[in-house]
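Descriptive structure summary
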Amino acid sequence: MSSETLDCLLPGQWATVAGLSFSDAKRRRLLDLGFIPGAAVTALQAAPWGDPVAYGVRGAVIALRRADARRISIVGK
Amino acid sequence: MSEASYVIALAGNPNVGKSTVFNALTHLHQHTGNWPGKTVAVAQGGYPYQGETYTVVDLPGTYSLFADSVEEEIARDFLCSGQADVTLVVADATCLERNLNLLLQIMDQTHPVVLCVNLLDEAARKGITLDLTALENALGIPVVGAAARDGEGLDHLKETIRQAAHHPLPPPPRQVELPDLEGLSQQERQEAAVSAIMARSEELAALAAKVPADAHRADRRLDRLLTSRSTGLLVMLGLLGLVFWLTIAGANVPSQLLSEALGSLQEPLRNLLLGWGLPREVCAALCDGIYRTAAWVVSVMLPPMAIFFPLFTLLEDAGYLPRVAFNLDRCFQWAGAHGRQSLTMCMGFGCNACGVMGCRIIDSPRERLIAILTNSFVPCNGRLPTLIALFTIFFAFGGGLGTSLLTAVLLLGAIVAAVGMTLLISRLLSRTVLRGVPSSFALELPPYRRPRVGQVIVRSVLDRTLFVLARAVMVAAPAGLVIWLTANVTVGGESLLVHLAAFFDPLGKLMGLDGMILLAFLLGFPANEIVIPILLMGYLSTGSLTDYQDLTHLRQLLVANGWTWQTALSAVVFTLFHFPCGTTCATIRRETGSLRWTLLAVALPTAVGILLCMALHLLLTAVG
């Protein structure tokens, strides 16, 4: 098992969401936005100061702060 | 038989043109913006169709029905309450998969449901082909395609809604069969349920939409220009500077024409009133007090607003504001603030009261308070003309292209300083009275839309400009009367205005200003727009607002009253940072429900302004 997290994904790379270490409402929110275990996700680009990062997931573009992306684990980078 | 009426619930993801559909159906021009989560309160409107009345309830845009935000709670409660005869779900044709997720959740809760696939024009532009018949067959509910901004598909939509209300189809078969949840934890169940719905959305989207691989290429290319490390910030400053320059350069001539036209009406108005037999003093109060203040506000405010608001709305419509939030978020993280605060700050540029109300989109109470308390640190549209006038006459005098360009650059500098102060105070608050952990947030960067220039101009002039202007005039008129009275009621040989100015003079001098300037700010509490007219009236002590033909007059008058560029600089600082206007204070009181927080919201910018002015004055005096 890899312990990689979403914030390590470089622009252009693809990976699969493995799990979310959030609880309740925040977890639900991210699930609804498409960050579901098994979903393909790609990093698009970082903001001017390097944070947050825009991710492509299920046809939408969602920006996450690095601190939050660190709590989403990924596999198969 | 009484006229039948139906209730239609309007639901959808944020930013799918739901409000546009709402406006197109009801002709009630609720303001629509291109950012996620704008509609926080529930708007409602109605339309007649074939002799029946349809009431449309515009629910907040949500990604799902089950997360615990205020918006979702409102949408869920309404949909589950059974108050709606038909639920209309609006989906974005360019992002069908994610949108179907909400549709499936709604279909699970209520019946009948009609799906409106909106933004067909945008989808066509991206080369996305849709098969709505296949989608309709697979879902078992009516599906209508639309391009609501052009009014396309709306007749079909109204007819479909009518049929759904009269003869609902039998409930469709369940779209999602949940897997066996036996023996799973709460979290695993939730995940399984969401995954099952998502999997079905994916299937349906694959069936209904053919998306070419490069459909979103233009958007990504624009994103690289507008949000990348190398160009993002430069382009942002450039765009803001351009908006300011167009406002300054374009407002000049119309302002002057309006001022002359309204000024020339004053004497005929006085004669008319005198002709009615009104006493001379009353006529003077009405003409020189109320009418002149209102006329000044209109001629100075209307042209810049009529240019600034449409330009701002164009950027908003095109989908640029979420990119601003994206660009600036690192700073707001540093400040311990919520990511959405940059959006409420942007609203504050238009009007601080609107910005404070907009803070409802922040669901963490701590971060919402920070956003409310710091909103008036950015200058609203009522303060921009004052800043423009001060910069033009003291730092960029001369006329021509150079003047308007330099003024725009200076104004840009003032805005950057205001944003910097917003961040600093936010950080201060999040380290002291409002300590806490920043909450996580996910910001959707919606697809860019080609803004409808004609519609934007009409809508922003009608909805925003005239609204804000009407408010300013309504406030300015009675304030004009009060000012006229203080300038004309004499105590011990001097007018009340002069006495008051003398009282504030020591503090004013310490700040590099004078008593009359401070008094003008105080009397301008109802609306920031009237600060300069009050000041002029005070200096002239003619008992009424002076005729204000152009900025040269203003400069002469200010210089004659001891103004130097240092005075102007202090006045700029105090214009940026002082107590919020009356409307904003009332809004803060209502939104926080607390007098204590309202007082803090007044005290913070005032203290910052006074201290900065004093420091500046000390520094400049020391340097010589």
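The following refers to the structure shown.

1. Re the interface of chain A and chain B
- Contact residues are listed per partner, giving 34 residues for chain A and 47 residues for chain B.
- For the pair chain A and chain B, the summed buried surface comes to about 3,600 Å²; carbon and sulfur atoms form 57% of the total.
- Along the contact surface separating chain A from chain B lie four salt bridges.
- A salt bridge links Glu97 of chain B to Arg58 of chain A, with the shortest nitrogen-to-oxygen separation between them at 2.6 Å.
- Our count for the chain A to chain B interface comes out at 10 residue pairs in polar contact (both at pLDDT 80 or more).
- Going through the elements one at a time, helix H1 (24-32), strand E2 (40-46), strand E3 (53-57) and strand E4 (60-64) of chain A are the ones with two or more residues in the side of chain A that touches chain B.
- No other element matches the nine residues that H1 of chain A contributes to the side of chain A that touches chain B.
- Residue composition of the side of chain A that touches chain B, grouped by class: 20 nonpolar, four polar and 10 charged.
- Relative to strand E9 (residues 442-444) of chain B, E4 of chain A runs antiparallel, the two sharing three bridges.

2. Section: the state of the cysteines
Residues and elements named next belong to chain B.
- Evaluation of the coordinates by the stated rule reveals zero disulfides over all chains.
- Residue Cys95 stays outside any disulfide, its sulfur separated by 15 Å from that of Cys116, the closest cysteine.
- In this structure Cys95 comes out as buried when scored by relative accessible area, which is 8%.

3. Observations concerning the side chain of Ser64 of chain B
- With respect to the secondary-structure elements, Ser64 of chain B resides in the loop between strand E3 (52-58) and helix H2 (70-80).
- Apart from residues no more than four positions distant in its own chain, Ser64 of chain B is found in contact with Arg28 and Asp32 of chain A together with Glu72, Leu102 and Gln105 of chain B.

4. Considering the packing of aromatic side chains
Residue and element names in this part refer to chain B.
- This model, assessed by the stated rule, comprises 12 aromatic pairs over all chains.
- Ring geometry for Tyr47 versus Tyr54: centroids 5.2 Å apart, planes at 10 degrees, classification stacked. The burial state of Tyr47 is the same as that of Tyr54; both residues are buried.
- The interplanar angle of 65 degrees and the centroid separation of 6.5 Å between the aromatic rings of Tyr49 and Tyr54 together place this pair among those described as edge-to-face.
- For Tyr54, a relative accessible area of 0% puts it in the buried group.
- Connected via pairs of aromatic rings, a cluster forms that spans Tyr6, Tyr47, Tyr49 and Tyr54.
- Its end group placed over the ring of Phe394, Arg555 keeps NZ or CZ at 5.9 Å from the ring centre.
- Between Arg596 and the ring centre of Trp597, over which it is positioned, the NZ or CZ distance is 5.5 Å.

5. Observations concerning unusual backbone geometry
- With omega at -5 degrees, the peptide bond leading from Asp51 of chain A into Pro52 of chain A counts as cis.
- The linkage connecting His111 of chain B with the following residue, Pro112 of chain B, adopts the cis geometry, with an omega of -5 degrees.
- As for its position among the elements, Pro112 of chain B is in the loop between helix H3 (96-109) and strand E5 (113-118).
- Its identity as a non-glycine residue notwithstanding, Gln50 of chain B has a phi of 50 degrees, on the positive side.
- The topology assignment puts Gln50 of chain B in the loop between strand E2 (43-49) and E3.
- Given the relative accessible area of 53%, Gln50 of chain B is considered exposed.
- One non-glycine residue, Leu119 of chain B, lies in the positive phi region at around 65 degrees.
- Looking at the secondary structure, you find Leu119 of chain B in the loop between E5 and helix H4 (120-125).
- The class of Leu119 of chain B is buried, set by a relative accessible area of 3%.

6. Regarding the packing of helix H9 (residues 232-264) of chain B against helix H10 (residues 266-275) of chain B
Residue and element names in this part refer to chain B.
- Two elements in contact, H9 and H10, have axes separated by 4 Å at closest approach and are oriented at 20 degrees. Viewed along their axes, H9 and H10 adopt a mutual orientation that is roughly parallel. Where H9 abuts H10, its residues Leu262, Gly263 and Ser264 lie against Gln266, Glu267 and Pro268.
- A class-by-class count of the residues in the contact of H9 with H10 yields two nonpolar, three polar and one charged.

7. Description of the environment of Phe504 of chain B
Residue and element names in this part refer to chain B.
- Structurally, Phe504 can be placed in helix H19 (residues 496-510).
- Assessed through its relative accessible area of 19%, Phe504 is described here as buried.
- Sequence-wise, Phe504 and Val243 are 261 residues apart; in three dimensions their C-alpha atoms are separated by 37 Å.
- Ignoring sequence-local partners within four residues, the contact set of Phe504 consists of Gly515, Leu518, Leu519 and Leu522.

8. Looking at the packing of helix H16 (residues 384-395) of chain B against helix H23 (residues 565-576) of chain B
Residues and elements named next belong to chain B.
- Axis separation between H16 and H23 bottoms out at 10 Å; the angle between their running directions is 165 degrees. By the angle between their axes, H16 is roughly antiparallel relative to H23. In this structure, H16 meets H23 at a crossing whose hand is left-handed. Residues Thr386, Leu387, Leu390, Phe391, Phe394 and Phe395 of H16 form the contact with H23, whose participating residues are Trp565, Ala568, Leu569, Ala571, Val572, Thr575 and Leu576.

9. What about the sheet that holds strand E1 (residues 14-20) of chain A?
- Strand order in this open sheet of six strands is E5(A)-E1(A)-E2(A)-E3(A)-E4(A)-E9(B), and the pairing throughout is antiparallel. Two strands lie at the open edges of the sheet, namely strand E5 (72-75) of chain A together with E9 of chain B, each paired on one side alone. Each adjacent strand pair in this sheet contributes to an overall mean axis angle of 45 degrees, direction not counted.
- Two elements, E2 of chain A and E3 of chain A, share five bridges in a ladder whose sense is antiparallel. Counterpart to Gln45 of chain A in the pairing with E3 of chain A is Ala54 of chain A.
- Across the sheet, H1 of chain A touches E1, E4 and E5 of chain A together with E9 of chain B, and the angle it forms with E1 of chain A is around 150 degrees.

Conventions and cut-offs
- Residues numbered from 1 in each chain as written.
- Chains lettered and ligands numbered in written order.
- Predicted model: local features only at pLDDT ≥ 70, side-chain atom pairs only at ≥ 80, totals over all residues.
- Heavy atoms only, no water.
- Contact = heavy atoms within 4.5 Å.
- Buried area = accessible area lost by both parts, 1.4 Å probe.
- Salt bridge = Lys/Arg side-chain N within 4 Å of Asp/Glu carboxyl O.
- Polar contact = N/O pair within 3.5 Å; in protein donor to acceptor, adjacent residues only side chain to side chain.
- Helix = DSSP H or I, 4+ residues; strand = E, 2+ residues; numbered from the N terminus.
- Nonpolar A, V, L, I, M, F, W, Y, C, P; charged D, E, K, R; others polar.
- Pairing = 2+ DSSP bridges.
- Disulfide = S-S within 2.5 Å.
- Buried < 20%, exposed > 50% of the residue type's maximum accessible area, 1.4 Å probe, protein only.
- Phe/Tyr/Trp six-rings, centres within 6.5 Å; stacked < 30°, edge-to-face > 60°.
- Lys NZ or Arg CZ within 6 Å of the ring centre and 35° of its normal.
- Axes fitted to C-alpha atoms, helices over the stretch in contact; angles between N-to-C directions.
- Parallel < 35°, antiparallel > 145°, perpendicular 65-115°, else oblique.
- Left-handed = near helix turned anticlockwise from the far one by under 90°.

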